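Given next are the chains, with one letter for each unit.
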Amino acid sequence: MTTENKRPQISIIITTYNRGNFICEAIHSALSQSFSDWEMIIIDDASEDDTEEIVKKYLEKDSRIKYIKNDKNIGKAKTYNKALSIAISQYIAPLDSDDIWLDRDKLKKQVDFLDANPDYALLGGGIMHIDAHSKPIKKVLFPVYDSVIRNIILQFNPFAQSTLLYRKNVALECGGYSTEYKISDDYELWLKIGLKHKFTNIPQVLSGYRIHGGNITHTKRLTAAREILEIVRKYAQYYKRPTMGIIKAYMRILLSYFRT
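Residues numbered from 1 in each chain as written. Predicted model: local features only at pLDDT ≥ 70, side-chain atom pairs only at ≥ 80, totals over all residues. Heavy atoms only, no water.

Each helix and strand counted, the protein has nine helices and nine strands in total. Against the 2.2 N^0.38 benchmark of 18 Å for 260 residues, the protein shows a C-alpha radius of gyration of 18 Å, consistent with a compact globule. Counting only C-alpha atoms and orienting by the principal axes, one finds that the protein spans roughly 50 × 45 × 35 Å. Here the protein, with 260 residues, has 52% of them falling under the buried criterion. Look at the contacts in the protein between residues 6 or more apart in sequence, and 80% of them connect residues 24 or more apart. Summed over its atoms, the accessible surface of the protein is roughly 12,400 Å², and 54% of this surface lies on carbon and sulfur atoms. Put simply, the protein has 38 plus and 31 minus side-chain charges, and the middle of one group is 6 Å from the middle of the other. (Helix = DSSP H or I, 4+ residues; strand = E, 2+ residues; numbered from the N terminus. Rg over C-alpha atoms; globule rule 2.2 N^0.38 Å. Buried < 20%, exposed > 50% of the residue type's maximum accessible area, 1.4 Å probe, protein only. Contact = heavy atoms within 4.5 Å. Areas by Shrake-Rupley, 256 points an atom, 1.4 Å probe, with all protein chains shown as cover. Lys, Arg positive; Asp, Glu negative; His and termini not counted. Charge placed at Lys NZ, Arg CZ, Asp CG, Glu CD.)

Below, the structure is given as structure tokens:
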């Protein structure tokens, strides 16, 4: 637990919308971390389910947890930026409300790394795809070395948001999450961070990425594909292999149409 006179090292950010069926697992996975010097900011983007009732039970038990509910739905990027403006820690650990942290030492490993490597601003890790009942489906590891990530980052997003720990001041200097995009705002933020700072991944599974009906709709796939094409074009001059990135972006759009 933190004291009133000491700022926690990490601000865990959970943004949520109608995820009452999953948010308990997300919160429990954070509470189970071996590293405990954190605050948790849960921002509810005007959910219409029982999310508020569920979260309020945790507020009574743990003073590190804060809950804010938006008066109206403002979208993912604005909600994340609101959380960033409230966060008081030097490091930000985003956790999607339908995901979970699987490695009990996730936060400790990441704080130790960023403390020792000031030239790095963002650190992620591997994921395990899980189903609606938290059963494992498939393990996915991402490139580790900064140089390798820069070679492929325009071809696909090598950072899973719920695995990350990043420096708050760097994210704010980059303007936070872009409100131009409904889905790919996080991808653009990582690209902005990479213009001036290094990034890397831990070659271990850190988080469970949940696959369920609410996050893989056709409309979302198509919107994300179009946004990625725009973002890749925007950053083509700053990263390697832009042509391959643009080709793959077009392929995602075509595949989204075929999946209709």
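From this point, things continue past the structure.
It is worth spelling out helix α3 (residues 76-86) at this point. Considered for burial, the residues of α3 that qualify are Ala77, Thr79, Tyr80, Ala83 and Leu84. Seen end-on, α3 carries its buried residues on one side only, within an arc spanning 165 degrees. Among the structural elements, β1 (10-16), β2 (38-44), β4 (91-94), β8 (165-167), α6 (168-173) and α7 (185-194) are those in contact with the buried residues of α3. (Arc of directions from axis to C-beta.)

Before going further, it helps to examine the pattern of salt bridges. As enumerated under the stated definition, the model contains 14 salt bridges in all. Between Asp37 and Lys6 there is a salt bridge, with its nearest N and O atoms 2.7 Å apart. One end of the pair, Asp37, is in the loop between α1 (23-31) and β2; the other, Lys6, is in the segment before β1, with 31 residues separating them in the sequence. Judged by its relative accessible area of 14%, Asp37 is buried. Among the ionic pairs, Arg64 bridges to Asp62, the shortest N-O distance being 2.7 Å. Exposure remark for Arg64: the relative accessible area of 10% places this residue in the buried category. Overlapping salt bridges bring together Glu52, Lys56 and Lys69 as one network. (Salt bridge = Lys/Arg side-chain N within 4 Å of Asp/Glu carboxyl O.)

Our focus in this paragraph is the packing of aromatic side chains. Using the criterion set out here, one finds six aromatic pairs in the structure. Here Tyr166 and Trp190 contribute two aromatic rings whose centre-to-centre distance is 5.8 Å and whose plane-to-plane angle is 55 degrees, an arrangement assigned as tilted. Pair noted here: Tyr166 is in strand β8 and Trp190 is in helix α7, with a separation of 24 residues, a long-range link. The exposure class assigned to Tyr166 is buried, which follows from its relative accessible area of 0%. Note on Trp190: relative accessible area 0%, which makes it buried. Taken together, Tyr80, Tyr166, Tyr177 and Trp190 form an aromatic cluster joined through their ring pairs. (Phe/Tyr/Trp six-rings, centres within 6.5 Å; stacked < 30°, edge-to-face > 60°.)

Another point: the side chain of Gln110. Among the secondary structure elements, Gln110 is positioned in helix α4 (residues 106-116). When sequence neighbours within four positions are dropped, the list of residues in contact with Gln110 reads Leu123, Gly124, Thr163, Leu164, Leu165, Ile202 and Leu206.

Glancing now at the nonpolar core. Generally speaking, nonpolar side chains in soluble globular proteins are found buried as a group. One finds Ile153 and Trp190 to be the most contacted residues of the largest nonpolar core, which totals 38 residues. At the level of secondary structure, the elements contributing two or more residues to this core comprise β2, α3, β6 (120-130), α6, α7, α8 (218-234) and α9 (242-258). Element by element, the count of residues in this core is highest for α8, at six residues. Those residues in contact with Ile153, other than ones at most four positions away along the chain, are Pro158, Phe159, Tyr187, Leu191, Phe199 and Tyr239. (Core = buried A, V, L, I, M, F, W, Y, C linked by side-chain atoms within 4.5 Å.)

For the pair α1 and helix α2 (residues 51-59), interaxial distance at closest approach is 10 Å and the crossing angle is 20 degrees. Considering their axes alone, α1 and α2 lie roughly parallel with respect to each other. Considering the relative orientation of α1 and α2, their crossing is right-handed. Facing α1, whose interface residues are Ile23, Cys24, Ile27, His28 and Leu31, α2 presents Thr51, Ile54, Val55 and Tyr58. Tallied by class, the residues present in the contact of α1 with α2 amount to seven nonpolar, two polar and no charged. (Axes fitted to C-alpha atoms, helices over the stretch in contact; angles between N-to-C directions. Parallel < 35°, antiparallel > 145°, perpendicular 65-115°, else oblique. Left-handed = near helix turned anticlockwise from the far one by under 90°. Nonpolar A, V, L, I, M, F, W, Y, C, P; charged D, E, K, R; others polar.)

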